[in-house]
Amino acid sequence: MEQIITEFIRSWGYAAIAILILFENILPFIPSEIILTFAGLLSEKSDLSIPVLFIISTVASFFGILILYYISRLVSEQRLYRFVDKYGKWIKLRGKDVAKANDWFKHYGAWAVLICRFIPVLRVLITIPAGINRMNIVKFMFLSLLGTTIWNFLLIYLGKLLSGSWDVLMNALHTYSFIMYIILFIIVVYFIYHLLKSRRVK
C-alpha cells in the first residue's frame, strides 16, 4: 500500500494528493499518515509547495467528509436498529445496544468528532454516527475541519522536517498507529463489558 501511494504521489503531485485525501475521508483503509508525510518530504525534493499542499489537502478533506456525512444521513436510526436486530444476533448485538451507543454519541458527539480526527480509522468512521444522528452540519464540519486541518499541517510539516529520515519517520508513524489501535481495542472491550453488565442487571 505504501509503495503504491508514494509512487502515485511522485507521478501525479498535487492531483494525487487531492484524490487520495478525498477518498481517505470516505474509506478508512487509506492512510493519511503516509500520503501527507510523503507529500511533505517531496516538498524538499521537488517543486511541491507546502502552502499549496496544505490548501489542497484541507479542501479535499472538506469534500470527502461532506460526502460521507450525507451518505450516512440516508440511514435512519430506526432502519439501523432493525438491521442490527435482524443480523446482529450472530454477534449477540441488539438494536437497543446500538441505541445506547447512539445516545452516547448524542451526548459526547462534539468531543468525539474532534478527538477522533487524530486517530487512524476512527477519523473516518466517526462521520457515520454523525450523519445517522443528523448532527448539526455546521457544528460537525467546524469540528471536523479543526481537527483535520491541524492533523494535515502536522503531517505535512513532519514530512518536510524529517525528509532525510524517511525510515525513521515511517517507523514512528507505525508506532503511533499501533498505540492508537490498542487504545481503540481497550475502549471497545470496555464498552462491550458495560453492555453485557447492563444486560445482567436487567
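Placed above this text is the structure.
Residues numbered from 1 in each chain as written. Predicted model: local features only at pLDDT ≥ 70, side-chain atom pairs only at ≥ 80, totals over all residues. Heavy atoms only, no water.

**Some remarks on unusual backbone geometry**
1) Next: For R134, which is not glycine, the phi torsion reads 55° and is therefore positive.
2) Next: Within the secondary structure, R134 is located in the loop between α8 (127-132) and α9 (137-161). (Helix = DSSP H or I, 4+ residues; strand = E, 2+ residues; numbered from the N terminus.)

**Describing the pattern of salt bridges**
1) Next: On inspection of all chains with the given rule, the structure shows 3 salt bridges.
2) Next: For R10, the salt bridge is made with E7, and the minimal N-O distance between the two is 3.8 Å. Placement of the pair is R10 and E7 together in helix α1 (residues 2-12), with a separation of 3 residues, close to one helical turn.
3) Next: In this structure E7 comes out as partly exposed when scored by relative accessible area, which is 39%. (Salt bridge = Lys/Arg side-chain N within 4 Å of Asp/Glu carboxyl O. Buried < 20%, exposed > 50% of the residue type's maximum accessible area, 1.4 Å probe, protein only.)

**A short note on the side chain of T127**
1) Next: Along the polypeptide, T127 turns up in helix α8.
2) Next: According to the relative accessible area criterion, T127 is buried, its value standing at 0%.
3) Next: Ignoring sequence-local partners within four residues, the contact set of T127 consists of I65, L68, Y69, S72, R117 and F140. (Contact = heavy atoms within 4.5 Å.)

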